[in-house]
Amino acid sequence: MGVYDYHHDSGRSDRPDARDGAPLTENAQEALFVSPYKAYVEVIADFSSDGRMKPLRLIWEDGRKYDIDQILRVDRCASLKAGGAGIRYVCRILGQRVDLYYEENGFWFVSRKMRV
């Protein structure tokens with residue numbers, strides 16, 4: 001098993017960034033805006049020899065890092081609150097349940113907590 005930092009391989013992100021002048025695809029443009037329902041995050045994951053992906057650490061938008069204590073369940077499902085579909089990892093982080101989604105476009109997100 002090897003650990004692979006999906007967004008920081010060789011110290012550089014492989015995601016297009018509006019600052020470096022690279023043309024943005026439709027999916028990348030969608031992910032760059034701040035969604036009121038989705039918080040796009042960076043994830044460090046471990047890949048097994050049989051191709052299974054296991055997230056190990058979540059890096060929040062402001063740079064805070066959270067280790068994933070336990071993965072409780074993995075299933076394909078849609079996020080009813082935030083919209084979008086993909087693979088849902090039901091995780092335990094700092095004693096709290098967190099639903100972490102991996103979209104087919106290669107982006108990770110969690111649902112934002114809505115303030116009332």
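This is a predicted model, so every value here is computed, not measured.

### Remarks on the nonpolar core
Right, so step 1: The biggest cluster of nonpolar side chains holds 14 residues, and the ones touching the most others in it are Val-41, Tyr-89, Leu-100 and Trp-108.
Right, so step 2: Looking at this core, the elements with two or more residues in it are strand S2 (38–47), strand S3 (53–59), strand S6 (85–93), strand S7 (96–103) and strand S8 (108–111).
Right, so step 3: Counting 5 residues, the second-largest nonpolar core is a separate cluster that includes Tyr-40, Cys-77, Tyr-101 and Phe-107.

### Section: the pattern of salt bridges
Right, so step 1: For the structure on display, the rule yields 8 salt bridges.
Right, so step 2: Across the salt bridge formed by Lys-38 and Glu-103, the nearest N and O atoms sit 2.8 Å from each other. With Lys-38 in strand S2 and Glu-103 in strand S7, this pair connects stretches of sequence that are 65 residues apart. Of the two residues examined, Lys-38 and Glu-103, each falls in the buried class.
Right, so step 3: Two residues, Arg-52 and Asp-50, come together in a salt bridge whose shortest N-O distance is 3.0 Å.
Right, so step 4: When its relative accessible area of 58% is taken as the criterion, Arg-52 is described as exposed.
Right, so step 5: Here the residues in one salt-bridge network are Arg-73, Asp-75 and Arg-88, joined through shared partners.

Parameters at a glance
- Residues numbered from 1 in each chain as written.
- Predicted model: local features only at pLDDT ≥ 70, side-chain atom pairs only at ≥ 80, totals over all residues.
- Heavy atoms only, no water.
- Core = buried A, V, L, I, M, F, W, Y, C linked by side-chain atoms within 4.5 Å.
- Buried < 20%, exposed > 50% of the residue type's maximum accessible area, 1.4 Å probe, protein only.
- Helix = DSSP H or I, 4+ residues; strand = E, 2+ residues; numbered from the N terminus.
- Salt bridge = Lys/Arg side-chain N within 4 Å of Asp/Glu carboxyl O.

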